[in-house]
Amino acid sequence: EDQVTQSPEALRLQEGESSSLNCSYTVSGLRGLFWYRQDPGKGPEFLFTLYSAGEEKEKERLKATLTKKESFLHITAPKPEDSATYLCAAVTGGFKTIFGAGTRLFVKA
Amino acid sequence: EPEVTQTPSHQVTQMGQEVILRCVPISNHLYFYWYRQILGQKVEFLVSFYNNEISEKSEIFDDQFSVERPDGSNFTLKIRSTKLEDSAMYFCASRPSGGGETQYFGPGTRLLVL
């Protein structure tokens, strides 16, 4: 069965304390692995798409990486405004999109 | 920057009533999607739509649900007879035909069924 699992469920960081979020996936025929940011009551905001193992993408304090089994979202020197839920999603070979449950990130000043 | 828009932002309805949720995808996009997110739970895929027909649907998308592209800009989700458990945020998303699988999401419609 296709599955996307994110860990940890919640992460509390001090401002400037770098860390990583994990997304493990078991998906047949992965077509793409996505990272989104979601603020409370809002729609998912696109961050990155990764297509193949070894691929990396960066945007400001965020960097996403992909292996054959998992993806990481690295957050370098986070700020309070980075506080949000970070969602991982995979598009399967059957063109269905499966989301993980998300990691709630809290960054304290 | 082009955005996916959704209306209404909030809707309250009585159980058994029909609701129509509306979306305007990004103008040059050809693939359209509906998702739902029950409060505190995962975003769940409902249906994808391309070339005026459903291309994939989940187990959630039963006969109570339908989608339509009534004109060149709108994409709608109809729930025929709402149930209490249909209360959720409903998100529309779209993506272009070329350039990968990235989907862009709208702000959502919060549906409350009483």
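Look a little higher up for the structure.
Residues numbered from 1 in each chain as written. Chains lettered and ligands numbered in written order. Predicted model: local features only at pLDDT ≥ 70, side-chain atom pairs only at ≥ 80, totals over all residues. Heavy atoms only, no water.

(A) Representation of the overall build of chain B within the structure. Each helix and strand in chain B was counted, giving 0 helices and 11 strands. Along chain B, helices (α) and strands (β) appear in the sequence β-β-β-β-β-β-β-β-β-β-β when read from the amino end. Here chain B has a C-alpha radius of gyration of 13 Å; the compact-globule value for 114 residues is 13 Å, and the two agree. The dimensions of chain B, computed from C-alpha atoms along their principal axes, are 40 × 25 × 25 Å. Relative to its full complement of 114 residues, chain B shows a buried share of 45%. (Helix = DSSP H or I, 4+ residues; strand = E, 2+ residues; numbered from the N terminus. Rg over C-alpha atoms; globule rule 2.2 N^0.38 Å. Buried < 20%, exposed > 50% of the residue type's maximum accessible area, 1.4 Å probe, protein only.)

(B) Structural context of the nonpolar core. Ranked by internal contacts, the top residues of the largest apolar core, which has 24 residues, are A:Val4, A:Leu33, A:Trp35, A:Leu73 and A:Tyr86. Listing elements by their share of this core, those giving two or more residues are strand E2 (10–14), strand E3 (19–26), strand E4 (32–38), strand E5 (45–50), strand E7 (62–66), strand E8 (70–75), strand E9 (84–91) and strand E11 (103–108) of chain A. Here this core takes 4 residues from E9(A), the largest share from any one element. Here A:Leu73 is in contact with A:Ser19, A:Ser20, A:Leu21, A:Trp35, A:Phe48, A:Leu62, A:Lys63, A:Ala64 and A:Tyr86, once residues within four sequence places are set aside. Among the nonpolar cores identified, the runner-up in size contains 21 residues, and B:Val4, B:Leu21, B:Ile26 and B:Val47 belong to it. (Core = buried A, V, L, I, M, F, W, Y, C linked by side-chain atoms within 4.5 Å. Contact = heavy atoms within 4.5 Å.)

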